[in-house]
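Structural overview
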Amino acid sequence: MVIQWFPGHMAKATREVREKLKLVDIVFELVDARCPLSSHNMYLDEVVKDKKKIIIFNKIDLCDKKETAKWKKYFEENGYKAVYSDSKNSKNLNDIINSAREELSEKLERMIEKGIKPRAIRTMVIGVPNVGKSTFINKVINKNVANTANRPGVTKKQQWLKLNKNIELLDTPGILMPKFDNQEIGKKLSLVGSIKDDITPLDDVSLYLIDILKRHYLEKLNSVYKINVNHNTNNLTIMEEIAKKCYKLIDGDYDYDSTIKLLIQDFRTQKFGLITLDNFEEMLKNEN
Ligand SMILES: Nc1nc2c(ncn2[C@@H]2O[C@H](COP(=O)(O)OP(=O)(O)O)[C@@H](O)[C@H]2O)c(=O)[nH]1
Ligand SMILES: [Mg+2]
């Protein structure tokens, strides 16, 4: 079954983001550190050719650091500035702001040379749903905006938040769903909560999770469910092993529905520990 991952309203949102992007000098693109390539918007590069970008690997606290570090290097080798972030615990946020300043130092110098009074740098946060955009913005504001008093009655269409005297941040993030035809990307985005469960075939997604765990995190898979499968065990067989351990039979058959939900829930609550879904060697091999 081919799933349509890109609903119509996303096309509209994407257009709106493109309009807003025209207003900024530098873009903070948040990607999920557990699937940095799958959650990165490849089309953004076409949209914001002339703008600087910082790729923020958010939720770094949840990923397999060793695997994700390969992706950071990969992005850097492809000309991006890349930084880690754990927005939930407010880590690295000032580093990110400093990086933005560094990235734009040339532009500022050019303005000064031309005799233009340098204005504050304008930035905007974009990324797929659930990647942590709102959390990131809120934490950055708490850290950096001295006075964010509510002013009732002020219609705020577009608010620029002053992060320091040199940098302003657009207060509303841009939700940008990558348009893709790769089913595996869709399944990973579903696992990290970027695609709503009600439009997702969760049976496929959970079998795909089993497949990833089997290939790259086999010990964790076995220990969480107290099963004993190996790299060659069929994914459906693994699901049935888990069903056998965790649920009673229903009319003599495995309780697939509960097992599917359990697997996805266990991934989202870090039962398997720190996992990176985008395996570096495997994805690059597929690309070539
Ligand atoms: N563990 C972890 N959770 C995060 C991080 N950043 C955001 N979250 C959580 O991810 C979920 C989605 O965050 P939100 O800011 O609403 O994402 P948005 O849809 O991109 O605006 C929330 O439950 C956040 O608490 C992070 O760096 N680490
Ligand atoms: Mg949000």
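Parameters at a glance
Residues numbered from 1 in each chain as written. Chains lettered and ligands numbered in written order. Predicted model: local features only at pLDDT ≥ 70, side-chain atom pairs only at ≥ 80, totals over all residues. Heavy atoms only, no water. Phe/Tyr/Trp six-rings, centres within 6.5 Å; stacked < 30°, edge-to-face > 60°. Buried < 20%, exposed > 50% of the residue type's maximum accessible area, 1.4 Å probe, protein only. Lys NZ or Arg CZ within 6 Å of the ring centre and 35° of its normal. Helix = DSSP H or I, 4+ residues; strand = E, 2+ residues; numbered from the N terminus. Polar contact = N/O pair within 3.5 Å; in protein donor to acceptor, adjacent residues only side chain to side chain. Pairing = 2+ DSSP bridges. Core = buried A, V, L, I, M, F, W, Y, C linked by side-chain atoms within 4.5 Å. Contact = heavy atoms within 4.5 Å. Near = heavy atom within 4 Å. Areas by Shrake-Rupley, 256 points an atom, 1.4 Å probe, with all protein chains shown as cover. Nonpolar A, V, L, I, M, F, W, Y, C, P; charged D, E, K, R; others polar. pLDDT = per-residue confidence, 0-100. Expected span 1.5 Å × (residues − 1).

The subject of this paragraph is the packing of aromatic side chains. In this structure the tally under the stated criterion is ten aromatic pairs. Between Phe75 and Tyr80 the ring centres are 5.3 Å apart and the planes differ by 75 degrees, which places this aromatic pair in the edge-to-face class. Just as Phe75 is buried, Tyr80 falls in that class too. Between Tyr254 and Tyr256, the aromatic rings sit 6.0 Å apart at their centres with planes inclined by 80 degrees, giving edge-to-face as the arrangement. Among the residues examined, Tyr254 registers a relative accessible area of 26% and is labelled partly exposed. Take Tyr256: its relative accessible area is 25%, and that puts it in the partly exposed class. Connected via pairs of aromatic rings, a cluster forms that spans Phe57, Trp71, Tyr74, Phe75, Tyr80, Tyr84 and Phe280. We note Lys72 situated over the ring of Tyr84; from NZ or CZ to the ring centre the distance is 5.1 Å.

Let us now look at the side chain of Ser85. Note that Ser85 resides in the loop between β3 (81-84) and α4 (93-103). Here the side chain of Ser85 touches Ser87 through a polar contact of 3.2 Å, side chain to side chain.

As a further point, take the pairing of strand β2 (residues 52-58). Regular strands place their side chains on alternate faces of the sheet. Where burial is concerned, most of β2 is hidden: six out of the seven residues are buried. The sheet contact formed by strand β1 (residues 26-32) and β2 spans seven bridges and is parallel. The residue of β2 that forms the bridge with Glu29 is Ile55. The pairing of β2 with β3 spans four bridges and is parallel.

Bringing the nonpolar core into the picture now. One finds Phe28, Ile54, Ile56, Ile96, Val125, Phe136 and Ile137 to be the most contacted residues of the largest nonpolar core, which totals 30 residues. Among all residues touching Ile96, those that are not within four sequence positions of it are Phe28, Ile54, Ile56, Val83, Tyr84, Ser85 and Phe136. With 25 residues, the next largest nonpolar core counts Leu191, Val192, Leu221 and Ile275 among its residues.

The next subject is the site of ligand 1. In the vicinity of ligand 1 lie 15 residues, with Asp61, Ser87, Lys133, Ser134 and Thr135 positioned nearest. The backbone of Val131 places a nitrogen or oxygen atom 3.3 Å from an oxygen atom of ligand 1. Within the contact set of ligand 1, an oxygen atom lies 2.8 Å away from a side-chain nitrogen or oxygen of Ser134. Computed on the free molecule, ligand 1 has an accessible area of 580 Å², of which 75% lies beneath the protein chains in the complex. Ranked by residues supplied to the shell around ligand 1, first place goes to helix α6 (residues 133-144) with three residues. Residues belonging to the shell around ligand 1 are distributed by class as follows: four nonpolar, six polar and five charged.

What follows is about the confidence of the model for the protein. Taken as a whole, the protein shows an average pLDDT of 87; of its residues, 90% reach a score of 70 or greater. Confidence drops under pLDDT 50 across residues 146-155; counting only partners more than four residues distant or on other chains, this segment forms one contact.

Moving on, we come to helix α10 (residues 235-246). Between its first and last C-alpha, α10 extends 17 Å over twelve residues, near the 16 Å set by a 1.5 Å rise per residue. Inspection of α10 places Asn235, Ile238, Met239, Glu240, Ile242 and Ala243 among the buried residues, and these make up the whole buried set. Buried positions along α10 lie against α8 (202-216), α9 (218-225) and α11 (256-268). You can read the cap of α10 off the contacts: a side-chain oxygen lies 2.8 Å from the backbone nitrogen of Leu236, and it is on Asn234.

Below, the discussion takes up the side chain of His40. By the secondary structure assignment, His40 is in the loop between β1 and α2 (44-47). His40 gets classed as buried once you look at its relative accessible area, which sits at 4%. Of note is the side chain of His40, whose polar atom sits 2.7 Å from the side chain of Glu29.

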